[in-house]
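# Observations on the model geometry
Letter by letter, the chains look like this.
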Protein chains: 4
Amino acid sequence: MSGKEKILLAYSGGLDTSCILKWLLEKGYEVICFMADVGQEEDFVAAREKALRVGAKDVIIKDMKRTFVEKFVWPAIQMGLVYEDRYLLGTSLARPCISIGLMESAAEHSCSIISHGATGKGNDQIRFELSCYALDPKIKVIAPWRLPEFCKRFQGRKDLLDYAQKHGIPVSATPKAPWSMDANIMHISYESGILENPAKAAPEELYQMTQSVMKSSNTPIKVDITFKEGLPVSVLEHSSGKTLETPLEVLTFLNKIGGEHGVGRVDLVENRFLGLKSRGVYETPGATILHVAHKDMEVYCLDREIFRVKSFLALKMADYVYNGFWYSPEAEYVRTCLVGAQKNVSGKVTLEIFKGHVMAIARESTKTIYNQELASMDVHGTLSPYAATGFIEVNAMRLKEHYRVFGSANME
Amino acid sequence: MSGKEKILLAYSGGLDTSCILKWLLEKGYEVICFMADVGQEEDFVAAREKALRVGAKDVIIKDMKRTFVEKFVWPAIQMGLVYEDRYLLGTSLARPCISIGLMESAAEHSCSIISHGATGKGNDQIRFELSCYALDPKIKVIAPWRLPEFCKRFQGRKDLLDYAQKHGIPVSATPKAPWSMDANIMHISYESGILENPAKAAPEELYQMTQSVMKSSNTPIKVDITFKEGLPVSVLEHSSGKTLETPLEVLTFLNKIGGEHGVGRVDLVENRFLGLKSRGVYETPGATILHVAHKDMEVYCLDREIFRVKSFLALKMADYVYNGFWYSPEAEYVRTCLVGAQKNVSGKVTLEIFKGHVMAIARESTKTIYNQELASMDVHGTLSPYAATGFIEVNAMRLKEHYRVFGSANME
Amino acid sequence: MSGKEKILLAYSGGLDTSCILKWLLEKGYEVICFMADVGQEEDFVAAREKALRVGAKDVIIKDMKRTFVEKFVWPAIQMGLVYEDRYLLGTSLARPCISIGLMESAAEHSCSIISHGATGKGNDQIRFELSCYALDPKIKVIAPWRLPEFCKRFQGRKDLLDYAQKHGIPVSATPKAPWSMDANIMHISYESGILENPAKAAPEELYQMTQSVMKSSNTPIKVDITFKEGLPVSVLEHSSGKTLETPLEVLTFLNKIGGEHGVGRVDLVENRFLGLKSRGVYETPGATILHVAHKDMEVYCLDREIFRVKSFLALKMADYVYNGFWYSPEAEYVRTCLVGAQKNVSGKVTLEIFKGHVMAIARESTKTIYNQELASMDVHGTLSPYAATGFIEVNAMRLKEHYRVFGSANME
Amino acid sequence: MSGKEKILLAYSGGLDTSCILKWLLEKGYEVICFMADVGQEEDFVAAREKALRVGAKDVIIKDMKRTFVEKFVWPAIQMGLVYEDRYLLGTSLARPCISIGLMESAAEHSCSIISHGATGKGNDQIRFELSCYALDPKIKVIAPWRLPEFCKRFQGRKDLLDYAQKHGIPVSATPKAPWSMDANIMHISYESGILENPAKAAPEELYQMTQSVMKSSNTPIKVDITFKEGLPVSVLEHSSGKTLETPLEVLTFLNKIGGEHGVGRVDLVENRFLGLKSRGVYETPGATILHVAHKDMEVYCLDREIFRVKSFLALKMADYVYNGFWYSPEAEYVRTCLVGAQKNVSGKVTLEIFKGHVMAIARESTKTIYNQELASMDVHGTLSPYAATGFIEVNAMRLKEHYRVFGSANME
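An unreviewed UniProt entry lists chain A under the name Argininosuccinate synthase, from Aedes aegypti. As its UniProt record puts it under Subunit (unreviewed entry), chain A is described as follows: "Homotetramer." A UniProt comment under Sequence similarities (unreviewed entry) is attached to chain A, and it reads "Belongs to the argininosuccinate synthase family."

Now for the relation of the copies chain B and chain D. Between chain B and chain D, the superposition needs a rotation of 180° and an axial shift of 0.0 Å, giving an RMSD of 0.0 Å. The symmetry that links the two subunits is that of a two-fold axis. Using C-alpha coordinates, one finds that chain B approaches the rotation axis most closely at B:Cys337, a distance of 2.7 Å.

Take helix H9 (residues 285-301) of chain B next. Between the first and last C-alpha of H9(B) there are 25 Å, a value that for 17 residues agrees with the 24 Å anticipated at 1.5 Å per step. Extensive coverage of H9(B) is indicated by the burial of 16 of its 17 residues.

A word on the interface of chain B and chain A. The interface is formed by 116 residues belonging to chain B together with 116 residues belonging to chain A. Between chain B and chain A we count 12 salt bridges in total. Note that B:Arg398 and A:Glu330 form a salt bridge whose closest N and O atoms lie 2.8 Å from each other. Across the chain B-chain A interface, the total number found is 40 residue pairs in polar contact (both at pLDDT 80 or more). Class assignment of the residues belonging to the side of chain B that touches chain A gives a composition of 60 nonpolar, 24 polar and 32 charged.

The subject of this paragraph is the interface of chain B and chain D. Facing the 24 residues of chain B at the interface are 24 residues of chain D. When the two sides are added together, the surface that chain B and chain D hide from each other amounts to roughly 1900 Å², 74% of it contributed by carbon and sulfur. When contributions to the side of chain B that touches chain D are tallied by element, the ones reaching two or more residues are helix H10 (304-323), helix H11 (329-340) and helix H13 (387-406) of chain B. With 8 residues, H11(B) is the single largest residue contributor to the side of chain B that touches chain D. Grouping the amino acids of the side of chain B that touches chain D by side-chain chemistry returns 15 nonpolar, 2 polar and 7 charged.

Quick look at the pattern of salt bridges now. A full pass over the atoms with the stated rule returns 124 salt bridges over all chains. Notably, a salt bridge pairs A:Glu401 with A:Arg404, separated by 2.6 Å at the nearest N-O pair. Of this pair, A:Glu401 and A:Arg404 are both found in helix H13 (residues 387-406), 3 residues apart, which corresponds to roughly one turn of the helix. Here A:Glu401 falls in the buried class, since its relative accessible area comes to 6%. Between D:Asp162 and D:Lys158 there is a salt bridge, and its shortest N-O distance comes to 2.8 Å. Of the two residues, D:Asp162 and D:Lys158 both sit in helix H7 (residues 157-166), 4 residues apart, roughly one turn of that helix. Within the structure, one salt-bridge network assembled from shared partners comprises A:Arg86, A:Asp267, A:Arg279, B:Asp296 and B:Arg363.

What follows deals with the pairing of strand E12 (residues 277-283) of chain D. Residues and elements named next belong to chain D. Taking burial as the measure, the 7 residues of E12 include 7 buried ones, the bulk of the element. Of the two faces of E12, the one carrying Lys277, Arg279, Val281 and Glu283 and the one carrying Ser278, Gly280 and Tyr282 are both buried. As defined by bridge partners, strand E7 (residues 188-191) adjoins E12 across 3 bridges and the pair is classed as antiparallel. What sits directly across from serine 189, in E12, is tyrosine 282. With 7 bridges joining them, strand E11 (residues 265-271) and E12 adopt antiparallel strand pairing. The residue bridging leucine 268 from the neighbouring strand is glycine 280, located in E12. Two successive antiparallel strands, E11 and E12, enclose a turn made up of 5 residues, where glycine 275 displays a positive phi of approximately 110°.

Definitions and cut-offs
Residues numbered from 1 in each chain as written. Chains lettered and ligands numbered in written order. Predicted model: local features only at pLDDT ≥ 70, side-chain atom pairs only at ≥ 80, totals over all residues. Heavy atoms only, no water. UniProt positions renumbered as here; feature names shortened; annotations may be inferred. Least-squares fit on C-alpha atoms with pLDDT ≥ 70 in both. Helix = DSSP H or I, 4+ residues; strand = E, 2+ residues; numbered from the N terminus. Expected span 1.5 Å × (residues − 1). Buried < 20%, exposed > 50% of the residue type's maximum accessible area, 1.4 Å probe, protein only. Contact = heavy atoms within 4.5 Å. Salt bridge = Lys/Arg side-chain N within 4 Å of Asp/Glu carboxyl O. Polar contact = N/O pair within 3.5 Å; in protein donor to acceptor, adjacent residues only side chain to side chain. Nonpolar A, V, L, I, M, F, W, Y, C, P; charged D, E, K, R; others polar. Buried area = accessible area lost by both parts, 1.4 Å probe. Pairing = 2+ DSSP bridges.

Structure below.
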């Protein structure tokens, strides 16, 4: 029985975490590697083999796709989470999901320390560590990219390559793309490298989940998405009559058709939790479709005032999630409030999807006060037309009084 | 000299306001008709003739296109106004603009009363009247569609047609579309009639400003939009090298290319100020392009915390504008705050426009803290990588303490 | 069996509603009077007799004190409701409570119409009617003070007095106070008459629930108030050892000691829902004490971020309640959110009460992350002192970057 | 000429900073001491002598009282800043003020480093350092209480005393109070030591600026406070007719009368920026009086909707200031917005002050829409009483529709 301290390393199979694995072994730790399958395209078998060859004691590969979709992506759609108006939080949501896997595996294998390859200027280090600490404050974290010793030794990619060669760590023959990427079943994000210049458009070859709209299908597609209490419960494709129901199937199908139609690309500069701005390019085909549908259903079903309160809360929640506070008292609280607002968000939205564009074109629900008769301009209905006179007079009174004292509003 | 009271009637040339004109004349008023040219396609000459024939004392046609674009559309883009996440407020912005014209003409022609054909369940009556009262509280308003006498007499379209025939009011030979529309240089909105069923998609033939994406141009277009303090100051089209600078030219050009590429359609159900929900279909090609560009520029340039405060204020302002409070103390105040937030929103955004989709793909500004070196994952730069350790430790502390007392957050 | 329509009149026993009673009878209605006992000092027996003498078919007097305290006052304390920073909503809360009584009695006595004596410029007409419509939209309301016929007949107090004399309606011998008041077990509010001049202080003789601090007790009093999930569950008076537990007893006791110590007076100008400003003077002894205690408990127990979200929601809720939307989808929703935030607001606060001043001086709870060891400046504890260095460096980075681009912040 | 690096040390004269001074000298720095006179009671002459005796190269004592009152306290009153509902930010405001003095003196004396004695768990380290970095990002900071070497050497007060004795640093003969305090002309704050137990009331002998209400004056005092655009411009004491006008005189006078009447004590637990909760006891006599007056003036003068927006912004600003972001893009922005909201907050408030209680009892302004005639219940005035009927009908419509679909709101 070795007396070595046991570390669970979040392993990617790439150069960085392979070097970290070796370095931790050199430091005298016993290292188990952990890989979460959250839907990224990855040769898990090869990665396992590589880790074992470098010296990992064991490699855990955990299929978390269903957990990710059901416990993170679906609630994010239900809560309507968008960060800084455009980012659907694909990576931010994966981090706490992976953290569950990490912490469960750490407990199972009696690892008191976890380690990861996230850098010192990014959001992911924060998301991983806050999630892990929130799940078990006793866990210890080794973040090599924040250790002076490690940073000194590995000052650039070249140092990693040299180290890999020296220690017989296999290096991919294909040259590294001039950007980094993070993939899961919800999205792929791209950053760094040539993307660091926000004035330069991302190259077309970067995108992996979505077709270019130039090459995408020339046939629009229509789908019905059904929601129950704000959660997607099924998708029906009009032309084929195909219906899907489990979250994983729904998202996989929407990713496919969204991808074929070039849906869900976004290129932006965002504000990181650390306070710096960074450029990110994202493709999120299926979840973009779901988000458009959910928004349509929500405004259709929700009371006007509830919608406003709920929108404020969703902005707070998006910040919490982006900043790594998925597991926190505030996220737990605000999520309860947001889910509470969804109890009437049930019904069906019809979407047209074509050339990157997703448009709600029709919707149905029994949980809305929408009242065709009342809305009709041709029928007086239950609201007497004279009522508006008093309503306007009352609203005008404050403005008239303001004018009396201060004169006209200056809107120049 | 007649002793009759003088009314200024907001006249559209259509059946409703022509009947109202006649009815007001029957009531013994002297009526002057007012038409604001805010960019709608309209045969103003024919409308003038018609009004005079019905008995209008005079017809004022005021070209307000430039005022509308410069004083209403541009500020709305600058403030980032979107109502209930999707509606760019094309009609809501036109109403206070037209109200200025109305009130100025009323003053010039000594009309102490204004009248309009807006119905008693819509937003426009409120927007017109609140704007007019805010500009001059002494003005009187006659809203026939809210007068019991008028409503009793005209219970449906048939009564109007009968009245028109009886009084020799010419009625358009083309059958009325099964919806109503409101157009200006920013957008066209459609509602009522067959659109009142939100479960039925709007027919393709409804759209007038935008091509169907099925038929729209097969060549993507790229433009650079330059902003100064949040206001668009020029547009450059890449392929032609064409540059436009005045607001009116910029919007006209963007409407053209947006229209050709099917940009800016939206079909939704919204919450009216009166509290009912109504279905609206909008097409807003040019302003949609500007809005996408402005959002990209804004997040690129603004401080993270200012962006959050500003976003909250923009939601308030969108409600004010939608509800008819463009001229109000709160709108004046919040506008000042929003404009104050734009002082650094200056630079250039490159957009790709194709098949209804508008995407920011690059941006430049000297007014941003974006720092390529700092953002780079490959360089340690001015933020020491070790700093994040303390940052995370501090943020984790509250979560750890929460765990100590309450256990893990429940995010199921 | 009479074929008359039956009205339930919210009756106060005063001149206005007695005249309204008579007027409704003259109009041919059968009128039943309704009085809710929400703790106001009132000679209900005399009022009943008077109503019957004027011609009421029946008089219902409903003891709603317990309902009012348990279902309205306690939740308001729990939610921390304060309108425009100072008003604890004593009248606003009573209106929906009375409305329940009204609607239940209307149903029991088959009255399809209710009537009240609230004037056309106040908040109470709105609160009563919105509550009643929300409870049963089929109810009809007759608000005589908004009927042209009634207003024309009764243009001032003199017309009411003449009418009373003519119809043998007894008028109180004591001259009317030069202000109006509304009382219940939570508070008394005063407005109108001489109070309409906000530049003139309210006279000392106005106050009925509280002693002047000049004459109030010279012995400070200490109490412990215990909360469970944000609701007061008991009060212990230190010197006597007296303990009270039911909401009605707790509030009665706190009103007594608050009144003896001059607690809870406030004189202000507030914004009414109709948009005008009005001056109100309030005395709310017991609820002021509870509010101070609850605030102290809340900040002690709540997570920092939850406290911020919750505070935003409480401001919304206070507006809803003030404006008459106690029964509304938004109030139901926000209340659920606010109550959700209180699950850890449990513990005990010690207050010192003296000469109008209420001060929390100590508090205890097991539901707080307050950590004496961690807070101690003398012990390094679980947060390493070095962590703050990284935390500050990260926070400083955004400021430094801002300086790099824009120079120093201008705080002159 | 020495080649030593020059440090400017924020010096208090106490044990901690005297030891730090000596320690820095031992480390080989040349140290200049800096003391800001922000109104604390301090023997500056003795402190200077002591610092020189320990080895300071120079001692700078800067009178910043006027700067503090005019540039920090007055704006805080104008903006209505209150942290977590109760704390008026007396210490938080002093830190950026002192930082200006520090940075100016550092520049004058060519010190590239500053140092301070703030501990690693408090807010003040953050406020000092963020302020200094925002004023000049090149400044270096040595915070000994966050240096492992220093913390190891000085593990408790005893180590400091030993070190002082060894190095001939004079130690005050009076025993240290069992709490720490921070004083300036706005307030005194107390924390630590015996106060760390929030369940134990603070001892009466702790308070220095205010009389106990038991012993405070038995004569109520009345003052008029005049505001111009939200800033206090003069105070008139009724009985003496005394008037004060400069900010420094006004605050000094209000501190005196507030202190005599026991005004402005508060005992609370607050959330620190680092995420821990700490207990603080504050006495803020004059600023409490100003705050009560300002609130009254503000609600009297401000438009209802502006007041709501402004209240939201003031909460943000209070957090910024508490957390050390006085000099930041967001504080600069939000301050501009808040000051913009004050342009009509002008007029006079009459206050009654007695036994710890401050109550606005009357107010006057020409900048308010308050309209005695309109508010009057006895006059119909410019708002027709019939208008409210339509207003209520419209507001009820949404509730009725909600009932139609969902039934009654559940407010149990």
